[in-house]
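Listed here are the chains, written in short residue letters.
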Amino acid sequence: MKQKTATIMLTLSLLLISLVSADDMCRALALSGGGAMGAYEAGALWGLYYALENKTDMTYDVVTGVSAGSINMGGVALFDKGDEEELVKFLSFAWQNLTSDDVYKNWWPLSVVQGVMFHSGIFNNQPLTDYLTELMLPKLPFKRKYMISAVDINTGSYHVFNESSNTDYVKQVISSASIPFVFPHQHWPKEHLVLMDGGTVWNTNMVSAI
């Protein structure tokens, strides 16, 4: 009986799938963190685009990002559906030209000591904020549904920004990518949040995409 029921359910599922056209399909992309692995993600998207025969498979309706994945999420969400070739070129350019000096610098004048004593991170990641602002600002706002994940250090809760959130897009990305103890926490006074890297709780946010 159980086997018969399972067969019927599978048949109905396949029938429903066959009735869904490409235009009715909702495509989601979930990008995880991992520091320099963000460059790998950008390369994977490049490879997918030029390898896929059906380019519409990359017309993502919604994209989520955590930590370094939030940086790539920002790159994806800056482009309208149908602009995937420009999207992968943009991400490739961004990572190819990124240097350590574009990500962080020492605190002045006491370097790591100053970071430990007066800030919540041993390095100052203002250069990354400046780099992303210069890169993203001409193309903002985001043009797809998106979710950026960070963690509130006061509660340990997982906080997700989306298109209805505060419009400080770059700060949302920086909040998700602020590695604890390495980079300072991001303060959101109006929202009563102090945020750090989303990967400390959950590194791949597929649920929000679904």
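In this text, all values refer to a predicted model and were calculated from it rather than measured experimentally.

Rules of the game
Residues numbered from 1 in each chain as written. Predicted model: local features only at pLDDT ≥ 70, side-chain atom pairs only at ≥ 80, totals over all residues. Heavy atoms only, no water. 1 Å grid on protein atoms, 1.4 Å probe; cavity = no way out; pocket = protein on both sides within 12 Å on 5 of 7 lines; lining within 4 Å. Points joined across faces, edges and corners; volume = space filled by probe spheres on them. Helix = DSSP H or I, 4+ residues; strand = E, 2+ residues; numbered from the N terminus. Nonpolar A, V, L, I, M, F, W, Y, C, P; charged D, E, K, R; others polar. Core = buried A, V, L, I, M, F, W, Y, C linked by side-chain atoms within 4.5 Å. Buried < 20%, exposed > 50% of the residue type's maximum accessible area, 1.4 Å probe, protein only. Contact = heavy atoms within 4.5 Å. Polar contact = N/O pair within 3.5 Å; in protein donor to acceptor, adjacent residues only side chain to side chain. Patch = residues over 30% accessible without salt bridge, like charges linked within 9 Å, V, L, I, M, F, W, Y side chains within 5 Å. Areas by Shrake-Rupley, 256 points an atom, 1.4 Å probe, with all protein chains shown as cover. Salt bridge = Lys/Arg side-chain N within 4 Å of Asp/Glu carboxyl O.

### Notes on the layout of surface pockets
Roughly 480 Å³ of internal volume is contained in the largest pocket. Contributing to the lining of the largest pocket are 26 residues, with Gly 35, Ile 71, Trp 95, Leu 98 and Val 103 lying nearest its centre. Top element by residues in the lining of the largest pocket is helix α6 (residues 126-136). It accounts for five residues. In terms of residue class, the lining of the largest pocket is made up of 19 nonpolar, six polar and one charged.

### Re the nonpolar core
Counting residues in hydrophobic clusters, the biggest one holds 37 residues, and the most contacted among them are Leu 45, Val 63, Met 73, Leu 132 and Phe 142. Contributing elements (two or more residues each) for this core: β1 (28-31), α2 (37-51), α3 (68-77), α4 (84-96), α6, β3 (145-152), α7 (169-176) and β6 (193-197). The element contributing the most residues to this core is α4, with six residues. Val 63 has contacts with Leu 29, Leu 31, Met 73, Val 76, Ala 77, Lys 145, Tyr 146 and Met 147, leaving out every residue within four places of it along the chain.

### Some points on the environment of Ser 32
Residue position: Ser 32 is located in the loop between β1 and α2. In the structure, Ser 32 is positioned 167 residues away from Gly 199 in sequence and 7.9 Å away in space, judged by C-alpha atoms. Apart from residues no more than four positions distant in its own chain, Ser 32 is found in contact with Glu 41, Val 66, Ala 68, Gly 69, Asn 203 and Thr 204.

### Some words on the side chain of Asn 205
Within the fold, Asn 205 resides in the loop between β6 and α8 (206-209). Side-chain polar atoms of Asn 205 contact the side chain of Ser 149, separated by 3.0 Å. At 2.9 Å, the side chain of Asn 205 forms a polar contact with the side chain of Ser 208. Setting aside chain neighbours within four positions, we find Asn 205 in contact with Ala 30, Thr 64, Val 66, Ser 149, Tyr 158 and Val 160.

### Some details on a nonpolar patch on the surface
The grouping of Leu 110, Val 112, Val 113, Val 116, Met 117 and Phe 118 at the surface amounts to a nonpolar patch, some 590 Å² of accessible area in total. Within the secondary structure, Phe 118 is located in helix α5 (residues 111-118). Judged by relative accessible area, which is 57%, Phe 118 ranks as exposed.

### A closer look at the pattern of salt bridges
Applying the stated criterion across every chain yields a total of five salt bridges. Among the salt bridges present, the one from Asp 61 reaches Lys 81, with a minimum N-O distance of 2.6 Å. Note that Asp 61 is positioned in the loop between α2 and β2 (62-66) and Lys 81 in the loop between α3 and α4, a separation of 20 residues in sequence. We note a salt bridge from Glu 85 to Lys 89, for which the minimum N-O separation is 3.9 Å.

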